[in-house]
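Close look at the chain arrangement
The lines below spell out each chain.
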Amino acid sequence: DLNQKAVVKAQDITSDIQLFGNRIYTAEGKGGIGVYEISDNGLSLTKISSYLYNNDGDNYPVSVVRLSPNANFVLCDSGSMVAELVDFRDINNPVSFKRTRLGGLYYARQASNGAPVANRYLCIYDHLKNVQWYDFGEDNGNDPVYFTRLKSLGMYSGLTSVGDKALVSLKGQYVIFD
């Protein structure tokens, strides 16, 4: 039986949820990123943090959130040709770590799906320009490393992790990269 046990109002329409331990990270449209803690008995949610995806006083709607392997960083997109990596190491004071412009045709939900590739990489892509990667490997120290790859692929429409590999939907084919 699925019986309703708790209700917490979101800041706006929620379009994505990611779970890490007893916390959920949400894409709440114009409300930005929300972070909630699930009680030990699983019967209540408490909002513990939030981040507004802001540009010159205008809040972009957050449509996707993806978590780094330890959930210290959240990669978000808004479908507005801008992607942002947000630093949540201080859960009470999240800050922008890196904001990048995307090129080509851009639609919401272009962050990589599933767990980070090889439990290390998150990415976001646009259709014409490139795939933008964030490397959270231990050898990078405390901060992730940003780089681009797969520039010559042209039109592609999806990327997800398959263990330590990346699966790309590319021109009517599925291609695995390592």
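These notes cover the structure that comes with them.

Digging into the sheet that holds strand 3 (residues 33–38)
- In space, the four strands of this open sheet follow the order 1-2-3-4, with antiparallel pairing throughout. In this open sheet, the two strands that pair with only one neighbour each are strand 1 (16–20) and strand 4 (45–51). Recorded for the sheet is a direction-independent mean angle of 25 degrees between the axes of neighbouring strands.
- The sheet contact formed by strand 3 and strand 4 spans six bridges and is antiparallel. Across the sheet, residue V35 finds its bridge partner in strand 4, namely S49.

A short note on the side chain of R66
- Tracing the chain through its elements places R66 in strand 7 (residues 64–67).
- A polar atom in the side chain of R66 sits 2.6 Å from the side chain of D16.

Section: the pattern of salt bridges
- According to the stated counting rule, one finds eight salt bridges in the structure shown.
- Between R66 and D16 there is a salt bridge whose closest N-O contact spans 2.6 Å. Here R66 is found in strand 7, whereas its partner D16 is found in strand 1, with 50 residues between them in sequence. Of the two residues, R66 and D16, both sit in the buried class.
- In this structure, D87 engages R89 in a salt bridge whose closest nitrogen and oxygen atoms are separated by 2.6 Å.
- According to the relative accessible area criterion, R89 is partly exposed, its value standing at 37%.

Observations concerning the nonpolar core
- Counting residues in hydrophobic clusters, the biggest one holds 17 residues, and the most contacted among them are Y25, I33, V62, V65, V74, C76 and F88.
- Elements represented by at least two residues in this core include exactly strand 2 (23–27), strand 3, strand 7, strand 8 (73–77) and strand 9 (82–87).
- For V65, the residues in contact, after removing those within four places along its chain, are D16, Q18, Y25, T26, A27, I33, V74, L75 and C76.
- V64, L75, I124 and Y134 belong to the second largest nonpolar core, which has ten residues in total.

Considerations on unusual backbone geometry
- Of note in the backbone geometry, A71 takes a positive phi value of approximately 65 degrees without being a glycine.
- Inspection of the secondary structure puts A71 in the loop between strand 7 and strand 8.

A look at the sheet that holds strand 7
- Taken in spatial order, the four strands of this open sheet run 7-8-9-10, and their pairing is antiparallel. The open sheet has two free edges, formed respectively by strand 7 and strand 10 (95–101), since each of these has just one partner strand. Averaged over all pairs of adjacent strands, the angle between strand axes in this sheet comes to 20 degrees, irrespective of strand direction.
- Here strand 8 runs beside strand 9; their pairing, made up of five bridges, is antiparallel.

With respect to the pairing of strand 11 (residues 121–125)
- Of all five residues in strand 11, four are buried, a share of seventy percent or more.
- With five bridges joining them, strand 11 and strand 12 (residues 131–135) adopt antiparallel strand pairing. Looking at the pairing, L122 lines up with Y134 of strand 12.

So, how was this worked out
- Residues numbered from 1 in each chain as written.
- Predicted model: local features only at pLDDT ≥ 70, side-chain atom pairs only at ≥ 80, totals over all residues.
- Heavy atoms only, no water.
- Pairing = 2+ DSSP bridges.
- Helix = DSSP H or I, 4+ residues; strand = E, 2+ residues; numbered from the N terminus.
- Axes fitted to C-alpha atoms, helices over the stretch in contact; angles between N-to-C directions.
- Polar contact = N/O pair within 3.5 Å; in protein donor to acceptor, adjacent residues only side chain to side chain.
- Salt bridge = Lys/Arg side-chain N within 4 Å of Asp/Glu carboxyl O.
- Buried < 20%, exposed > 50% of the residue type's maximum accessible area, 1.4 Å probe, protein only.
- Core = buried A, V, L, I, M, F, W, Y, C linked by side-chain atoms within 4.5 Å.
- Contact = heavy atoms within 4.5 Å.

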